[in-house]
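Coordinate analysis (summary)
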Amino acid sequence: MSDISAEAPAQSAKPTIFFDGTSSRRRQVMLTLGDALEIAEEGGAPVRWSYADIRRADSPPGILRLSSITAPPLARLEIRDAALAADVTARCLRLDEHRTSRRGVAKIVGWSAAAAISIVCVVLFGVPLAADRLAPLVPKPVERRIGDAAEVQMKTIFGRNVCEDPAGKAAFTKLVNRLRDAAGLDDDSMMAGVLPTSVPNAFALPGGKVFVLKGLLDKAESPDELAGILAHELGHLKHYDSMRGLIYNGGTSFLIGLLFGDVTGSSAVIFASRSVVEASYSREAETAADTFAIEVMHKLGRSPKPAFELMFRITGKEGGSKLTTILASHPLTEDRLARMTREDRPVSGPPLLTDKEWQSLKGICGSGKI
């Protein structure tokens, strides 16, 4: 038998510490290096570790910390003497076998990249497809609760109190009811209001909620201009675009959180709610909402063109503004403007509001500054 395997008590100037993995007691031990590593505490039965089973464990500088694949999982041997550590290491030929090799690192990197690509593909294709399928299937009570939660966030951003001037509110209700009836929406599926903020915008929320911001009302010069915008938002409501956007943006945010370690879901909820105002709908959704607005305005014997003239005035003059404008959620294109021009019809229906009602609606938020 060679010298390296001959049994010899290992003498050390520094204590060798052993934890048996079944208790937290710190044991000072003596090692014997023979055909196996023998760990002996004075007065106790020795423990034998086969050299082939010994593996290196994480340890601070100056300590060789070892474990054994056949010992209890928490069993550890700590060698503080450098010479003894070198002697033990020479006998443990599979000491670092469990550590990741370059090939293993490459495999981990490869799988990580594949996982990231998979998540990106789900974000780009899977989530939108799921949103398209799920949005119409969300039960009405659930959709209303989601809309209520989103409404709270919107009012936090744009003003907590809906404008309540009685005459203005009556005029607004009349306008909304005429549009709702022409759109064929259920009587109990919609509510609308004006929020007191100078931002010129309008948006629809799940659960049949439509809000006009006072900044848009201030820019409107006729009931037809405002009615066309509202009809467009009713189109998004009719087609579940807002619900689809919440599912898509919330799901995307959650998946991105998986990539970057935020899986609490809190950011997804906030992001999804805020995105309803700032979201840019797909070209197909915008085209469908435009078609819906055209049909509603034609049913009322009015032209859809004034609404897009209002949008052009806002985006043409304030397109570079840092404020959120209607441009953010309703991008204008030459095709859309040309289409509205082609769909212009001579007025054949009665006015949507009287001049007095229109002036009342313009003053629905009162004369106070916002």
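Predicted model, so just to flag it, every value in this text is computed and none were measured. (Residues numbered from 1 in each chain as written. Predicted model: local features only at pLDDT ≥ 70, side-chain atom pairs only at ≥ 80, totals over all residues. Heavy atoms only, no water.)

**Structural notes on the state of the cysteines**
Condition: Sulfur atoms of two cysteines make up a disulfide when they are within 2.5 Å. Secondary structure is summarised from DSSP: a helix means a run of H or I of at least four residues, a strand means a run of E of at least two, and numbering begins at the N terminus for each. In this scheme, a residue with accessible area under 20% of its type's maximum is buried, one over 50% is exposed, and one in between is partly exposed, where area comes from a 1.4 Å probe on protein chains only.
The tally for this structure, following the rule as stated, stands at one disulfide. The disulfide that involves C163 links it to C365, with 1.8 Å between the sulfurs. Its S-S torsion of about 90° marks the bond between C163 and C365 as right-handed, since a negative value means left-handed. Residue C163 is found in the loop between α3 (140-158) and α4 (166-183), and its partner C365 is found in the segment after α13 (355-362); the two are separated by 202 residues along the sequence. Take C365: its relative accessible area is 18%, and that puts it in the buried class.

**As for the environment of E233**
Its place among the elements puts E233 in helix α6 (residues 223-238). When the C-alpha atoms of E233 and K209 are compared, they prove to be 9.7 Å apart, with 24 residues separating the residues in sequence.

**Points about the pairing of strand β4 (residues 37-40)**
Let me state the cut-off plainly: Pairing between strands requires that DSSP locate at least two bridges from one strand to the other.
Here β4 shows a buried face lined by L37 and I39 and an unburied face lined by E38 and A40. In the sheet, strand β3 (residues 27-33) pairs with β4 via four bridges, with the strands oriented antiparallel. Bridged to L31 within β4 is I39. Between β3 and β4, which follow one another and run antiparallel, lie three residues. The pairing of β4 with strand β5 (residues 47-49) spans three bridges and is antiparallel. Across the sheet, I39 pairs through a bridge with V47, a residue of β5. Counting the residues that bridge the hairpin from β4 to β5 gives six residues, and of these G43 lies at a positive phi of roughly 85°.

**Details of the packing of aromatic side chains**
To be explicit about the condition: Two aromatic rings, drawn from Phe, Tyr or Trp (for Trp, its six-membered ring), form a pair once their centres lie within 6.5 Å of each other, and the interplanar angle then sorts them: stacked below 30 degrees, edge-to-face above 60, tilted otherwise.
Taken as a whole and judged by the stated rule, the model has two aromatic pairs. Ring centres of F18 and W49 lie 5.9 Å apart, and the angle between their planes is 70°; on these two criteria the pair is classed as edge-to-face. Of the two residues, F18 sits in strand β2 (residues 16-19) while W49 sits in strand β5, which places them 31 residues apart along the sequence. By relative accessible area, F18 is classed as buried at 6%. For W49, a relative accessible area of 2% puts it in the buried group. Pairing F203 with F211 gives two aromatic rings, centres 6.0 Å apart and planes at 40°, and the pair type is tilted.

**Some details on the pattern of salt bridges**
Test applied: Take a side-chain nitrogen of Lys or Arg and a carboxyl oxygen of Asp or Glu: if they are within 4 Å of each other, that pair is a salt bridge.
Counting across every chain of the model gives 18 salt bridges. The partner of E164 in a salt bridge is K169, with the nearest N and O atoms 2.9 Å apart. For E164, a relative accessible area of 45% translates into the label partly exposed. Residue class for K169 comes out partly exposed when judged on its relative accessible area of 39%. When salt bridges that share partners are traced, they join D20, R25, R27 and E41 into one network.

**Concerning the pairing of β2**
Pairing between β2 and β3: three bridges, direction antiparallel. When the bridges of β3 are listed, F18 appears paired with R27. Bridge count between β2 and strand β8 (residues 76-79): three bridges; the pairing is antiparallel. The residue of β8 that forms the bridge with I17 is E78.

**Structural notes on the sheet that holds strand β9 (residues 191-195)**
Our working definition: Lines fitted to C-alpha atoms define the axes, with helix axes restricted to the stretch in contact, and inter-axis angles between N-to-C directions lie between 0 and 180 degrees. The contact rule is simple, with two residues in contact once any of their heavy atoms fall within 4.5 Å.
Pairing in this open sheet of three strands is mixed, and the strands run β9-β11-β10 from one edge to the other. A strand with exactly one partner marks an edge of an open sheet, and here the two such strands are β9 and β10 (202-205). Adjacent strand axes in the sheet meet at a mean angle of 20°, parallel and antiparallel pairs treated alike. Note that β9 and strand β11 (residues 209-213) share five bridges and pair parallel. Within the sheet, the bridge partner assigned to M191 lies in β11 and is K209. Its contacts with the sheet put α3 on β9, β10 and β11, and the angle it makes with β11 is roughly 10°. Sitting on the sheet, α6 touches β10 and β11, and the angle it makes with β11 is about 145°.

**Thoughts on the packing of α6 against helix α9 (residues 283-299)**
Put simply, the test is: If an angle is under 35 degrees, it is roughly parallel; if it is over 145, roughly antiparallel; if it lies from 65 to 115, roughly perpendicular; otherwise it is oblique. Rotating anticlockwise by less than a right angle from the far helix to the near helix defines a left-handed crossing, while the corresponding clockwise rotation defines a right-handed one. Side-chain classes are defined by residue name, with Ala, Val, Leu, Ile, Met, Phe, Trp, Tyr, Cys and Pro counting as nonpolar, Asp, Glu, Lys and Arg as charged, and the others, Gly among them, as polar.
Where α6 contacts α9, the two axes come as close as 8 Å, and the packing angle between them is 125°. Comparing the axis directions of α6 and α9 gives the class oblique. Considering the relative orientation of α6 and α9, their crossing is right-handed. Here α6 contributes D224, A227, G228, A231, H232, L234, G235, H236 and K238 to the contact with α9, which in turn contributes A285, E286, A289, D290, F292, A293, V296 and M297. Taken together, the residues of the contact of α6 with α9 break down into nine nonpolar, four polar and four charged.

These results come straight from atomic positions and should not be treated as a statement about function.
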